[in-house]
Amino acid sequence: NLGTLKNSIWTTGTEADMSSGSSTTFSSIPSGVKQIIIMFNETSNTTGNRILVTIGDSGGLETSGYVSTSMESLSAGAVTAFASTSDFIMALQSTPAISGTMVLTLEDPANFTWVASHSMKFTTTRTMHGGGSKSLSAELTQLRIASPTDFDGGSINIMYM
């Protein structure tokens, strides 16, 4: 049955309440995962600071070697861009809650290279989008979502296959 097969491919993590704290980590991601979707549901932080996604393997989270860009777009046409080499960065210039997804896909299993893309809404007049890449030293087993300031609302979860 195709419906049963489709439902059994994806595994959903445990939702993280983001009403306090500066980060959440999803660990114990099993070996062999080829795609991870990070879901943000009305997630906000206290000052509208950037949100940072760091990936890692059994040796820990890796904080270098990223090629990452994010842009905030306004309906009036203004664009603000950010770049990072220490994580996958998501631009955030104001305090509204964000909803959307970041998709991480294993591009090269031999070199443990992951590519990322994200698309989020801020308000009815602001969006955020971007992407990047990062090669790990081994298979991805964990990821952390963090902010330089405390989160103060919403939730985050992951799905993987």
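Because the structure is predicted, anything quoted here is derived from the model rather than measured. (Residues numbered from 1 in each chain as written. Predicted model: local features only at pLDDT ≥ 70, side-chain atom pairs only at ≥ 80, totals over all residues. Heavy atoms only, no water.)

Draft legend 1. Focus on the overall build of the protein. For the protein, the helix and strand inventory stands at one helix and 14 strands. For the protein, whose C-alpha radius of gyration is 15 Å, the value lies close to the compact-globule estimate of 15 Å for 161 residues. Expressed along its principal axes, the backbone C-alpha trace of the protein runs to roughly 45 × 35 × 30 Å. Here the protein holds 161 residues, and 43% of them are scored as buried. Considering only intrachain contacts with a sequence separation of at least 6, the fraction spanning at least 24 residues in the protein is 71%. Carbon together with sulfur atoms contributes 52% to the accessible area of the protein, which is approximately 7,500 Å² in total. Once the 7 positive and 12 negative side-chain charges of the protein are each reduced to a mean point, those two points are 5 Å apart. (Helix = DSSP H or I, 4+ residues; strand = E, 2+ residues; numbered from the N terminus. Rg over C-alpha atoms; globule rule 2.2 N^0.38 Å. Buried < 20%, exposed > 50% of the residue type's maximum accessible area, 1.4 Å probe, protein only. Contact = heavy atoms within 4.5 Å. Areas by Shrake-Rupley, 256 points an atom, 1.4 Å probe, with all protein chains shown as cover. Lys, Arg positive; Asp, Glu negative; His and termini not counted. Charge placed at Lys NZ, Arg CZ, Asp CG, Glu CD.)

Draft legend 2. Seen up close, unusual backbone geometry. Of note in this structure, S28 is not a glycine but carries a positive phi near 65°. With respect to the element layout, S28 can be found in the loop between β3 (23–26) and β4 (35–45).

Draft legend 3. Structural detail: the packing of aromatic side chains. Counted under the stated rule, the structure contains one aromatic pair. Summarising the aromatic geometry, the rings of Y66 and F88 are spaced 5.0 Å apart at their centres and angled 90° between planes, so their arrangement reads as edge-to-face. Of this pair, Y66 sits in the loop between β6 (60–61) and β7 (67–74) while F88 sits in strand β9 (residues 88–90); the two residues are 22 residues apart in sequence, bridging distant segments of the chain. The buried category is assigned to Y66, whose relative accessible area is 2%. If you follow K134 out to its NZ or CZ, it ends over the ring of Y66, 5.4 Å from the centre. (Phe/Tyr/Trp six-rings, centres within 6.5 Å; stacked < 30°, edge-to-face > 60°. Lys NZ or Arg CZ within 6 Å of the ring centre and 35° of its normal.)

Draft legend 4. Expanded view of the pattern of salt bridges. Taken as a whole, this structure holds three salt bridges when the rule is applied. The shortest N-O distance in the salt bridge between E42 and K121 comes to 3.1 Å. Of this pair, E42 sits in strand β4 while K121 sits in strand β11 (residues 113–123); the two residues are 79 residues apart in sequence, bridging distant segments of the chain. E62 is paired through a salt bridge with K134; the nearest N and O atoms lie 2.9 Å apart. Here K134 lies in strand β12 (residues 126–135) and E62 lies in the loop between β6 and β7, a separation of 72 residues in the sequence. The same class applies to E62 as to K134, namely buried. (Salt bridge = Lys/Arg side-chain N within 4 Å of Asp/Glu carboxyl O.)

Draft legend 5. Structural context of the side chain of N157. Mapping N157 onto the fold places it in strand β14 (residues 151–160). Classification of N157 as buried rests on a relative accessible area of 12%. At 3.2 Å, the side chain of N157 forms a polar contact with the backbone oxygen of G13. For N157, the residues in contact, after removing those within four places along its chain, are T12, G13, T14, E15, F26, I37, I38 and M39. (Polar contact = N/O pair within 3.5 Å; in protein donor to acceptor, adjacent residues only side chain to side chain.)

Draft legend 6. Examining the side chain of N45 more closely. With respect to the helices and strands, the residue N45 is situated in strand β4. At 2.9 Å, the side chain of N45 forms a polar contact with the side chain of S147.

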